[in-house]
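Geometric and topological summary
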Amino acid sequence: MKTQVAIIGAGPSGLLLGQLLAKQGIDNIILERVTGDYVLGRIRAGILEQGFADLVREAGVAERMDAEGEVHDGFDIASEGKRVRIDLKGLTGGKTVVCYGQVEITQDLMLAREAAGLQTFYEANDVQPQDVKTDAPSLTFEYQGESYRLECDYIAGCDGFHGVSRQTIPEEVRTEYERVYPFGWLGLLSDTPPAHSELIYCKHERGFALASMRSETRSRYYLQVPLADKVEDWSDDAFWAELKKRLPQDIAENLVTGPSLEKSIAPLRSFVCEPMQYGRLFLVGDAAHIVPPTGAKGLNLAASDVATLYKIMTRVYQQNDPDCISQYSDIALRRVWNGERFSWWMSNMLHNFGQMETGDMDAATFKRFMDSELGYFLGSENGRRVIAEQYVGLPYEELTD
Ligand code: RFL
Ligand code: PHB
């Protein structure tokens, strides 16, 4: 079997890259470890930057997103009984975000891929990148009990944090940067109307909470919980009761509750692997970096990696310029570190770190610093603008000549 770009992983990164490459006439095959339904069972992200939405349009898969996605002009940050609006549109000269679920984008991309007759092997086992430092790399894998080799020019490792791609880069070549947070997020999805027309990020003594949504009839809520908590510890009633304690009072009083459609706990982590390229292998999205969800950046950073690799592959094949691949890692990492810093900063300001160690200062001192930091940024228009311009997303960087 042979293709130009072999893609590992049919999450949003792999599917979006595949669609964009195909539009430029670049042949690609995706190998995915689980079934399509399993991929669609992961709820995850809900907020898309304008750059991401534009990329989905460029891929020609935006019809449903443009019809059903809700444009959000702002969001609220609540703390100490007050709600402060971050007027995204007003503070950034007209930029906004789109509220449209990762599941929906993934489904749209899967359907478009199927309609275009592009090949995807679901339930491909033991995918292994081979000879990535040569000009004849390949992927070996097992499919329905048979062994296969997929020969290719380049490999895009879009296989998430637990994938095989990053491990292919020898340990002496890669450096990993990491911060693990001492808590997780418990998420609940329900067919209830959202608590408010825009998202509310809530800083509270009992822990952080987020009121988000998927549509006018479907809500997504999160609670900061101790790492030791299990989903089974949290009945729906317990979740709603705790959420009401953390939301601003007027919002809590009008909260509509209902049975959960899904509940899950995600640990919070900041993680970056450098470099993001090794020979003919590129790491894309969560395979190379993880952010805590507080800034809504994970999927959006995946999209900017895709945008960069897509431009590079287009130049490689259309202008016969294979040397430009060396630009990938530096361009991608510059934007990644901005997103990492923003997500880390927002997480520090909005969560309750309790008695946990916070580095070289005690927890009470750290809390005072973070309370003051949030108060300062929310209290000035310039401060709110700093939050707004990062939330809507920094511009994508172009390749150099
Ligand atoms: P994914 O989605 O993990 O997909 C990787 C795919 O690769 C497959 N795979 C393999 N296939 C073949 N062989 C192997 N050896 C393989 N190993 C793995 C997997 O089965 C999978 O299908 O990575 P991708 O495509 O890079 O996408 C990244 C995003 O999923 C992620 O960044 C976001 O979900 C993060 N995130 C958010 N991002 C945002 O931009 N805005 C948000 O509002 C937002 N909210 C969130 C989030 C993530 C969350 N969790 C659960 C971590 C909220 C939460 C709670
Ligand atoms: C979500 O709706 O899942 C969501 C929204 C914003 C975030 C994180 C998650 O910052």
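Going by the structure above, here's the rest.
First, a word on scope: everything that follows refers to the structure included in this document. Please read all numbers here as calculations on a predicted model, not as lab measurements. (Residues numbered from 1 in each chain as written. Chains lettered and ligands numbered in written order. Predicted model: local features only at pLDDT ≥ 70, side-chain atom pairs only at ≥ 80, totals over all residues. Heavy atoms only, no water.)

A few words on the pairing of strand 15 (residues 209–215). Burial analysis of strand 15 places 6 of its 7 residues in the buried class, the great majority of the element. Note: strand 14 (residues 200–202) against strand 15, 3 bridges, orientation antiparallel. When the sheet's bridge partners are listed, Tyr201 is paired in strand 15 with Leu210. Turn length for the strand 14-strand 15 hairpin, with the two strands adjacent in sequence and antiparallel, is 6 residues, and the turn residue Gly207 shows positive phi of about 125°. Bridge count for strand 15 against strand 16 (residues 218–226) is 6 bridges, and the pairing is antiparallel. Looking at strand 16, one finds that Ala211 is bridged to Tyr221. Counting the residues that bridge the hairpin from strand 15 to strand 16 gives 2 residues. (Buried < 20%, exposed > 50% of the residue type's maximum accessible area, 1.4 Å probe, protein only. Helix = DSSP H or I, 4+ residues; strand = E, 2+ residues; numbered from the N terminus. Pairing = 2+ DSSP bridges.)

Turning next to the side chain of His351. Among the secondary structure elements, His351 is positioned in the loop between helix 11 (328–350) and helix 12 (363–379). What makes His351 buried here is its relative accessible area of 5%. Only 2.9 Å separates the side chain of His351 from the backbone oxygen of Ser347, close enough to count as a polar contact. In this structure His351 touches Phe183, Trp185, Phe208, Gln224, Leu268 and Thr294, once residues within four positions along its chain are discounted. (Polar contact = N/O pair within 3.5 Å; in protein donor to acceptor, adjacent residues only side chain to side chain. Contact = heavy atoms within 4.5 Å.)

Turning to unusual backbone geometry, a few remarks are in order. Glu274 connects to Pro275 through a cis peptide bond whose omega is -5°. Residue placement: Pro275 occurs in the loop between strand 17 (260–274) and strand 18 (277–278). Even without a glycine there, the phi angle at Arg44 is positive, about 50°. Following the sequence through the fold, Arg44 ends up in the loop between helix 2 (36–40) and strand 3 (47–49). A relative accessible area of 46% means that Arg44 is categorised as partly exposed. A positive phi is found at Asp126, a non-glycine position, where the angle reads about 50°. Along the chain, the position of Asp126 falls in strand 9 (residues 125–130).

Take the site of ligand 2 next. The immediate surroundings of ligand 2 are formed by 14 residues, with Tyr201, Ser212, Arg214, Tyr222 and Pro293 found nearest. Within the backbone of Arg44, one N or O atom sits 3.1 Å away from an oxygen atom of ligand 2. Between Ala296 and ligand 2, the recorded distance is 3.3 Å, taken from a backbone N or O atom to an oxygen atom. Across the complex, the protein chains shield 96% of the 280 Å² of accessible surface that ligand 2 would expose by itself. Broken down by secondary-structure element, the contributors of at least two residues to the shell around ligand 2 are strand 15 and strand 16. (Near = heavy atom within 4 Å. Areas by Shrake-Rupley, 256 points an atom, 1.4 Å probe, with all protein chains shown as cover.)

Let's shift gears to the sheet that holds strand 9. With antiparallel pairing, 3 strands are arranged side by side in an open sheet as 9-10-11. The open sheet has two edge strands with one neighbour each: strand 9 and strand 11 (146–151). Recorded for the sheet is a direction-independent mean angle of 15° between the axes of neighbouring strands. Examined bridge by bridge, strand 10 (residues 138–143) and strand 11 share 6 bridges and lie antiparallel to one another. Paired with Thr140 across the bridge in strand 11 is Arg149. (Axes fitted to C-alpha atoms, helices over the stretch in contact; angles between N-to-C directions.)

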